[in-house]
Structure formats: structure tokens, C-alpha cells
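Fold and geometry: a report
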Amino acid sequence: MLENILKQVQDGSMSVEEASKRLTPFENLGFAKVDHHRKKRQGFPEIVYGENKTAEQIIGIATSLQSQNNEVLITRITEEKAGAIQRVCPDYVYDRISQLLYWRSSDQSVSKREGYIAVIAAGTSDISVAEEAAVTAEVLGSNVHRIYDVGVAGIHRLLHHAEEIQQATVSVVVAGMEGALASVVGGLVSHPVIAVPTSVGYGASFGGLSALLTMLNSCASGISVVNIDNGFGGGYNAALIHQLIHKGEGKE
């Protein structure tokens, strides 16, 4: 990138001012410093956490990211706030279940990676968190297979999908209550499992703490755990693993 920019400055096809802008690692908006070089460092652009930000602030950050042809993903955003942003950015897509707002250019909309991530939800009540994981992974360029309502209370439902799960590159397992599903999946597969505890459950689940502790104490190998209700974290980590696998195989 640096060499190409310098050559364009040398041959006059790019101004010094434009080159300086391209080489500056962030854009200072006053209320935020938008990291334009994160995709170069980490493989994915900066993600915008939507809670406690105004629609105007999000529009400023998102349009700054979009100007660099980055995918734009905004998490934890209400339908009302998303509507205000879409009035300014009509090509943004809002997913009401996951509360994600996102934009991808047309050449980014189809995954170029082989294989898929399995996003597995224990119950219907866990789907909002599972969708946060699934849509995140899709926006970041991975194919996703959704396998929902397959909790351990009726384990035959999970086993019906065993082959599909085993062929995935990585699984994201989303469960509340006692959170046992992650251990079961972990014992069936030879790929990484990312466990996402949810706050679904009655009083003694302590807002997802019981599921979190079960997942942290799993006797199945290869399980990593993210925070309670952090579907984004599970989807992001799964997409990162999926990307790295294909980069190693020369498929990126």
C-alpha cells in the first residue's frame, strides 16, 4: 500500500494531501477517532458499539468507515435509532432480531471463503444472541449455517444435525439456563467451539452466570467462552478463525 501511494504521488496521479489522508491511521471526528487501519492490522474493520451513542455520532463514524470501503457493522442498536440512521444512510440494513445495522459494498456481499460456521442455539429464547453471532460472521465474510432449538432437553434434535455440525470450520454455541449444550457439542467435533452464555433462565441462573460457569468449567476440550449475551464476540472470533484457516490455505 505505502509503495503504491508513493508511486502515485511521484507520477502526479495523487496529491500530497490525499496521500497524507490515506496514510493517516485514524480520522479525528472530535467525539471519536475512527481507526481506518484496523482492517490492515487485524483483518476486519473497526466495529461500532451502538449503545449510548447518538444517531448523529454513529452516522459520523459509519460514513467515515464507509469512505474507506470498509464493511460497516453497528451493534446493540434500537430500531428507532436505526431508523434515524437509515434516513441518512438508506443503503444500510437493519436486522431487528440481532439489533445489528450494517453495510457492505456489492463486491463484499458474497463470501469468497469455503466452508461455514455453525451457529447453534439451545432454545428459541437464545435466538437474538445467536443471530447477533450469525449476522456478525456473515457481514465479516463467512458463510453461516444456523441450527436452532437443539438444546439438551431433547438431545435427539442436536444429534439430527451432528454431521452438519462436524463439517463446520468452527461452531458458536449459544445457550442459557445451565449452558450444557457447549460441552455436548465440544465432545462431538474436532474444530474450535466458541461458547456464548445467555441471560435466559430463572432466578438461580443469575442472569447468565450459571451458564457462564458451566461453559468455563467444561470438561470438553477446545471450548473458548465469551461474555454473557456477547453474540458479537462469538461471531467475530469465529469469523477470525475461519479467515485465518483459509488464509493459511491460500484461499483468501
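You'll find the structure just up there.
A few points on the structure.

Digging into the packing of aromatic side chains
One pass over the full model with this rule turns up one aromatic pair. An angle of 55° between the planes, with centres 5.7 Å apart, marks the rings of Phe232 and Tyr236 as tilted. A residue pair is termed a helical-turn pair when its members lie 3 or 4 positions apart in one helix, as Phe232 and Tyr236 do in helix H11 (residues 231-248) at four residues.

Description of the nonpolar core
In globular proteins that are soluble, nonpolar side chains generally tend to be buried together. Ranked by internal contacts, the top residues of the largest apolar core, which has 26 residues, are Ile117, Val119 and Val172. Residue assignment for this core shows that the elements contributing at least two residues are strand E6 (100-103), strand E7 (117-121), helix H6 (127-139), strand E9 (170-175), strand E10 (193-197) and H11. No other element matches the seven residues that H6 contributes to this core. Counting 20 residues, the second largest nonpolar core, distinct from the first, contains Tyr116, Ala122, Val189 and Val193.

Comments concerning the sheet that holds E7
Taken in spatial order, the five strands make up an open sheet running E8-E7-E9-E10-E11, and their pairing is parallel. Every interior strand has two partners, whereas the edge strands, strand E8 (144-148) and strand E11 (223-225), have only one. Pairwise comparison of adjacent strand axes, ignoring direction, gives a mean angle of 20° for this sheet. The sheet contact formed by E10 and E11 spans three bridges and is parallel. Each residue of the ladder has a partner; that of Ile194, found in E11, is Ser224. Of the strands in this sheet, E7, E8, E9 and E10 are in contact with H6, which crosses E8 at around 170°.

Thoughts on the pairing of E6
Burial along E6 is two-sided: Leu100 and Tyr102 facing one way and Leu101 and Trp103 facing the other are all buried. Pairing analysis gives three bridges linking strand E4 (residues 72-75) to E6, with the strands arranged antiparallel. Paired with Val72 across the bridge in E6 is Trp103. Where strand E5 (residues 93-95) lies against E6, three bridges are found, and the strand directions are antiparallel. Looking at the pairing, Val93 lines up with Tyr102 of E6. Counting the residues in the hairpin turn of E5 and E6 gives four residues, including Gln99, whose phi is positive at 55°.

Comments concerning the sheet that holds E6
In spatial order, the strands read E3-E4-E6-E5; together these four strands make up an open sheet with mixed pairing. Strand pairing shows two members of the sheet lacking a second neighbour, strand E3 (48-49) and E5, which therefore form its edges. Set on the sheet, helix H5 (residues 79-88) makes contact with E5 and E6; between it and E5 the angle comes to about 175°. Sitting on the sheet, H6 touches E4, E5 and E6, and the angle it makes with E6 is about 10°.

Some words on the pairing of E7
Burial analysis of E7 places five of its five residues in the buried class, which makes it a mostly covered element. Here E7 shows a buried face lined by Ile117, Val119 and Ala121 and a second buried face lined by Ala118 and Ile120. When E7 meets E8, the two strands line up parallel, connected through five bridges. Bridge pairing links Ile120 to Ile147 in E8. Of the crossover connections in this fold, the one passing from E7 over H6 to the parallel E8 is right-handed.

What counts and what doesn't
- Residues numbered from 1 in each chain as written.
- Predicted model: local features only at pLDDT ≥ 70, side-chain atom pairs only at ≥ 80, totals over all residues.
- Heavy atoms only, no water.
- Phe/Tyr/Trp six-rings, centres within 6.5 Å; stacked < 30°, edge-to-face > 60°.
- Helix = DSSP H or I, 4+ residues; strand = E, 2+ residues; numbered from the N terminus.
- Core = buried A, V, L, I, M, F, W, Y, C linked by side-chain atoms within 4.5 Å.
- Buried < 20%, exposed > 50% of the residue type's maximum accessible area, 1.4 Å probe, protein only.
- Pairing = 2+ DSSP bridges.
- Axes fitted to C-alpha atoms, helices over the stretch in contact; angles between N-to-C directions.
- Contact = heavy atoms within 4.5 Å.
- Right-handed = clockwise from strand over helix to strand, strands pointing away.

Nothing here speaks to function; it is all geometry.
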